[in-house]
Amino acid sequence: MTFSSKLRAGLLGVALVASLLAWTGVGAAYFLDAPRAVFVLALIAAALATEALFWLTALVLGWTAFANRHWLIRLFTGGRSRGEPEKA
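Draft legend 1. How the structure looks around the packing of helix H1 (residues 3–31) against helix H2 (residues 36–61). Closest axis-to-axis distance for the H1/H2 pair is 8 Å, and the angle between their directions is 160 degrees. With respect to H2, the element H1 is oriented roughly antiparallel. Considering only the axes of H1 and H2, their crossing is left-handed.

As structure tokens, this is what we get:
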């Protein structure tokens, strides 16, 4: 593994952990009955962290990972297209 690939994996790891911690903070604010302003700020921070994770993943994996998402969707849905009925 080269330094560049380690750096990319490290950045994705940090972004993933930050996003998970942000959503954990949202859950904590909700269940601990925090004031509404704190809850809204936690939601905004979690949304921004998730958006940053999405775009950083797109940057690291490249456009082909997102361009081939139809292939991934077919892989997980068993090859069915939208509107196509299930096979019996």
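Draft legend 2. Representation of the packing of aromatic side chains within the structure. Scanning the model with the defined rule gives 3 aromatic pairs in all. A ring pair is formed by Tyr30 and Phe31, whose centres lie 5.1 Å apart and whose planes are at 80 degrees; its orientation type is edge-to-face. Taking the relative accessible area as the measure of exposure, Tyr30 reaches 55% and is therefore exposed. Judged by its relative accessible area of 69%, Phe31 is exposed. Consider the rings of Tyr30 and Phe39, whose centres lie 6.1 Å apart with planes at 45 degrees: the pair is tilted.

Definitions and limits used
Residues numbered from 1 in each chain as written. Predicted model: local features only at pLDDT ≥ 70, side-chain atom pairs only at ≥ 80, totals over all residues. Heavy atoms only, no water. Axes fitted to C-alpha atoms, helices over the stretch in contact; angles between N-to-C directions. Helix = DSSP H or I, 4+ residues; strand = E, 2+ residues; numbered from the N terminus. Parallel < 35°, antiparallel > 145°, perpendicular 65-115°, else oblique. Left-handed = near helix turned anticlockwise from the far one by under 90°. Phe/Tyr/Trp six-rings, centres within 6.5 Å; stacked < 30°, edge-to-face > 60°. Buried < 20%, exposed > 50% of the residue type's maximum accessible area, 1.4 Å probe, protein only.

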